[in-house]
Amino acid sequence: MELEKPLLDENKRRIDGRAVDELRPIKIEAGVLNRADGSAYLEWGENKVLAAVYGPREAHPRHRQDPTRALVQCRYNMAAFSVSDRKRPGPDRRSVEISKVISEAFSFVVFREQFPRTSVDIFIEVLQAEAGTRCAGLTAASVALADAGIPMRDLVVSCATGKADGELILDPGKEEDNRGQADMPLAVVPRTEDIVLLQMDGHLTQEELKKAMRMSIDACKEIYVIQKDALRKRYAVTTEEPVEVQETIDTQIKEE
Ligand code: UDP
């Protein structure tokens, strides 16, 4: 029988060459869908995720409306083609759970009292999955909410820390998630360090739990910079543009 390759080598390098506290590469683009009020596309390692936001808009069905505040509703979906194993299309227990915990995380930051009877609808579509899709989806949705101009305390960011071969590892990949001893996704408001999502699969000691939370929070602060850059890029106004327009007008006047 062939022995499985260890998840960490003698220099504590991971199977994809990362250090134990290193994130996979992350790219975010804001405002990728014209129809939605806000949107974002995110690539995180091999994960590819689209997020769209509508609202605040009248909540339906009406009996679900809250006369004092907005509902924050999320639908997380993994496309049937997002993994190579056969995945039944449509909602399952896992996607219902992920949708719920993400809705709850955003309920904490959205100023819901400003929009009674409405709902803020968040759609997360995982196009390609490679472990950590709830963190990727939540991080993308946060940018989409800001792009939609939804009043919020701050952006929310998410990142998991796991355990493999007895060591804590930041942002576990697919094989580390499958063969590791723990996986702990966390979402935080980076400025205040309020934790708005914390889940755990596996076992960690109390000491490891504390250290893993610190690793995830510090990583979230790095990702926060990427989120803000994506929003800055989307809304940056170049001062050269009006000059070019003026030059075109001047040329047209001369030609006439
Ligand atoms: N996965 C899969 N089929 C499924 C659900 C998940 O292949 O029906 C894979 C996918 O790569 C996912 C990973 O298993 O990212 C880990 O799933 P988990 O439930 O831990 O959630 P995630 O880490 O994506 O938030």
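Quick note: structure is the one above.
Everything numeric in this text was worked out from a predicted model, so none of it was measured. (Residues numbered from 1 in each chain as written. Predicted model: local features only at pLDDT ≥ 70, side-chain atom pairs only at ≥ 80, totals over all residues. Heavy atoms only, no water.)

## A few points about the site of the ligand
Part 1 of the argument: In the vicinity of the ligand, the residues found are Met 78, Val 83, Lys 87, Arg 94, Ala 129, Glu 130, Ala 131, Gly 132, Thr 133, Arg 134, Lys 174 and Asp 177.
Part 2 of the argument: Backbone polar atom of Ala 131 to an oxygen atom of the ligand: 2.7 Å apart, as the coordinates give it.
Part 3 of the argument: Contacts to the ligand include Gly 132, whose backbone N or O atom sits 2.8 Å from an oxygen atom.
Part 4 of the argument: Bound to the protein, the ligand loses 79% of the 500 Å² it would expose on its own.
Part 5 of the argument: With respect to the pocket detection grid, the ligand is positioned in the largest pocket. (Near = heavy atom within 4 Å. Polar contact = N/O pair within 3.5 Å; in protein donor to acceptor, adjacent residues only side chain to side chain. Areas by Shrake-Rupley, 256 points an atom, 1.4 Å probe, with all protein chains shown as cover. 1 Å grid on protein atoms, 1.4 Å probe; cavity = no way out; pocket = protein on both sides within 12 Å on 5 of 7 lines; lining within 4 Å. Sits in = over half its atoms within 2 Å of the grid points.)

## Description of the side chain of Arg 112
Part 1 of the argument: One can find Arg 112 in the loop between helix 1 (93–109) and strand 5 (118–128).
Part 2 of the argument: Buried and without a salt bridge, Arg 112 has Asp 66 as its closest oppositely charged side chain, separated by 4.9 Å.
Part 3 of the argument: Apart from residues lying up to four places away in sequence, Arg 112 is in contact with Arg 69, Ala 70, Val 72 and Ser 107. (Helix = DSSP H or I, 4+ residues; strand = E, 2+ residues; numbered from the N terminus. Buried < 20%, exposed > 50% of the residue type's maximum accessible area, 1.4 Å probe, protein only. Lys, Arg positive; Asp, Glu negative; His and termini not counted. Salt bridge = Lys/Arg side-chain N within 4 Å of Asp/Glu carboxyl O. Contact = heavy atoms within 4.5 Å.)

## Here's the deal with the sheet that holds strand 2 (residues 38–44)
The strands making up a sheet associate through hydrogen bonds between their backbones, and the pairing can be parallel or antiparallel.
Part 1 of the argument: With mixed pairing, 5 strands are arranged side by side in an open sheet as 1-2-3-5-4. Looking at the sheet topology across the chains shown, the edges are occupied by strand 1 (26–30) and strand 4 (71–78). For this sheet, the mean inter-axis angle between neighbouring strands, taken without regard to orientation, is 15 degrees.
Part 2 of the argument: Pairing of strand 2 with strand 3 (residues 47–58), which is carried by 7 bridges, proceeds in the antiparallel orientation. In the sheet register, Gly 38 faces strand 3, and the bridge partner there is Val 53.
Part 3 of the argument: Most of the contacts of helix 2 (residues 133–147) go to strand 2, to which it runs at about 150 degrees, and overall it touches strand 1, strand 2, strand 3, strand 4 and strand 5.
Part 4 of the argument: Packed on one face of the sheet, helix 4 (residues 206–235) meets strand 1 and strand 2 and runs near 30 degrees to strand 1. (Pairing = 2+ DSSP bridges. Axes fitted to C-alpha atoms, helices over the stretch in contact; angles between N-to-C directions.)

## Considering helix 1
Part 1 of the argument: If you check helix 1, its first and last C-alpha atoms are 26 Å apart, about what 17 residues at 1.5 Å a residue would give, namely 24 Å.
Part 2 of the argument: When helix 1 is considered as a whole, its buried residues turn out to be Ser 95, Ile 98, Ser 99, Val 101, Ile 102, Ser 103, Ala 105, Phe 106 and Val 109.
Part 3 of the argument: Structurally, helix 1 contributes buried residues whose contacts are with strand 4, strand 5, helix 2, strand 8 (182–189) and strand 9 (194–198). (Expected span 1.5 Å × (residues − 1).)

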